[in-house]
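Examination of the molecular architecture
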Amino acid sequence: MAETQYSKIFAAARTETPLIHHITNYVTVNDCANITLCAGGAPVMAHAPEEVEEMVQYAGALVLNIGTLDHAQIESMLLVGKAAAKKDIPIILDPVGAGATTLRTNAARRLMTELPISVLKGNAGEIGVLAGVDAKVRGVDSAGISGDPVSITEEYAGRSGMTVVMSGETDIVSDGNQVFLVENGHPLMGAISGTGCMAASVTGVFAASEKDLVTSSAAALAAFGLAGERAAALARGPGSFKVALFDALATLTPDDLAEGARIKRA
């Protein structure tokens, strides 16, 4: 099987085992730690302000997730993000529920203002709200977006300087210059909580091994989606699917990704 740019990034992550520092939500923290291991990284889930600046010095990427947000967590995120920025460590932000409440929306905007966010990964509603278009979020789920998702993602990425990932049936990834459409995945991935959070963790693992973040993000989503497809083939329902998802990603190889990635340029 011939290598692709996506399989090379995956192979590098498997070889390097980058440390991925998370400040994430307590609903999915264990799932994020385990999916990081399955993707080839090493997770650390450190949120105390007394240690985050020290801990992130060893990291290959930083993943911030506002799914169970409070003011203390915001301050820890700002501390660790500024420390990561000094070391040129990529920062992945998952703005969970941005648009649903003022606290979440303002927190996401503050983090993007005060930190050099490398990759913003959210659903259509979250990205739409932050991009300033007509979009709705119900709880932590997208409730719709007005306009063309591809154009919105590309324009927002170009304007913000971030790599922007809009997740959905087809994931859209853009840095404002390039747009990738990732078609890997399975509907069962939406039947369990936390797959969006886990996708951010996998994105962090790949970002730690490749500075071209639009390419590494597309590769990460393809690998995670391909694992979802393989898990669904073995699952009897959401519970068995979740276990199979970890197994599928852990046993996925760079050759599998080279053969199975369905990534198109828009």
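Model, not experiment: these values are computed from the prediction.

**Thoughts on the overall build of the chain**
Counting its secondary structure elements, the chain contains 11 helices and 11 strands. Against the compact-globule benchmark of 18 Å for 266 residues, the chain has a radius of gyration of 17 Å, which places it among compact chains. Projected onto the principal axes, the alpha-carbon positions of the chain cover approximately 45 × 40 × 35 Å. Once local pairs closer than 6 in sequence are excluded, the contacts in the chain between residues at least 24 apart make up 68%. Total accessible area on the chain is roughly 10,900 Å²; 51% of this is exposed by carbon and sulfur atoms. Here the chain contributes 19 positively and 29 negatively charged side chains, and the mean placements of these two sets differ by 2 Å.

**What to know about the packing of aromatic side chains**
The tally for this structure, following the rule as stated, stands at 1 aromatic pair. On the numbers, 5.4 Å between centres and 20 degrees between planes, the contact of Phe10 with Phe206 is stacked. Here Phe206 lies in helix α8 (residues 195-207) and Phe10 lies in helix α1 (residues 5-16), a separation of 196 residues in the sequence. Phe206 matches Phe10 in its accessibility class, with the two residues each being buried.

**A short note on helix α2 (residues 29-39)**
Those residues of α2 that sit buried are Asp31, Cys32, Ala33, Ile35, Thr36, Cys38 and Ala39. On its buried side, α2 packs onto α1, β1 (19-23), β2 (42-45), α8, α9 (213-232) and α10 (238-251). Count one or two residues on from α2 and you reach Gly40, which has phi positive near 115 degrees.

**Some words on the packing of α8 against α9**
Where α8 meets α9, the axes come as close as 8 Å, and the angle between the chain directions of the two elements is 130 degrees. In terms of orientation, α8 lies oblique with respect to α9. When you trace α8 past α9, the crossing you get is right-handed. Across the interface between the two elements, Thr195, Met198, Ala199, Val202, Thr203, Phe206 and Ala207 from α8 touch Leu213, Ser216, Ser217, Ala219, Ala220, Leu221, Ala223 and Phe224 from α9.

**Considerations on the pattern of salt bridges**
Applying the stated criterion to the full structure yields 9 salt bridges. One salt bridge connects Glu114 with Lys82, and the closest N-O pair in it is separated by 3.6 Å. Placement of the pair is Glu114 in helix α5 (residues 102-114) and Lys82 in helix α4 (residues 71-86), with a sequence separation of 32 residues. On the basis of relative accessibility, which here comes to 34%, the residue Glu114 falls in the partly exposed class. Judged by its relative accessible area of 40%, Lys82 falls in the partly exposed class. One salt bridge in this structure joins Arg110 and Glu114, with 2.9 Å as the shortest N-O distance. Of this pair, Arg110 and Glu114 both sit in helix α5, 4 residues apart, which is roughly one turn of that helix.

**Considerations on the packing of α2 against α10**
Between α2 and α10, the least distance of the axes is 7 Å, while the angle of their chain directions is 30 degrees. The angle between the axes of α2 and α10 places the two elements in the roughly parallel class. Between α2 and α10 lies a crossing of right-handed hand. For the pair formed by α2 and α10, the contact residues are Asp31, Asn34, Ile35, Cys38 and Ala39 on the first element and Lys242, Phe246, Leu249 and Ala250 on the second. Residues belonging to the contact of α2 with α10 are distributed by class as follows: 6 nonpolar, 1 polar and 2 charged.

Analysis parameters
Residues numbered from 1 in each chain as written. Predicted model: local features only at pLDDT ≥ 70, side-chain atom pairs only at ≥ 80, totals over all residues. Heavy atoms only, no water. Helix = DSSP H or I, 4+ residues; strand = E, 2+ residues; numbered from the N terminus. Rg over C-alpha atoms; globule rule 2.2 N^0.38 Å. Contact = heavy atoms within 4.5 Å. Areas by Shrake-Rupley, 256 points an atom, 1.4 Å probe, with all protein chains shown as cover. Lys, Arg positive; Asp, Glu negative; His and termini not counted. Charge placed at Lys NZ, Arg CZ, Asp CG, Glu CD. Phe/Tyr/Trp six-rings, centres within 6.5 Å; stacked < 30°, edge-to-face > 60°. Buried < 20%, exposed > 50% of the residue type's maximum accessible area, 1.4 Å probe, protein only. Axes fitted to C-alpha atoms, helices over the stretch in contact; angles between N-to-C directions. Parallel < 35°, antiparallel > 145°, perpendicular 65-115°, else oblique. Left-handed = near helix turned anticlockwise from the far one by under 90°. Salt bridge = Lys/Arg side-chain N within 4 Å of Asp/Glu carboxyl O. Nonpolar A, V, L, I, M, F, W, Y, C, P; charged D, E, K, R; others polar.

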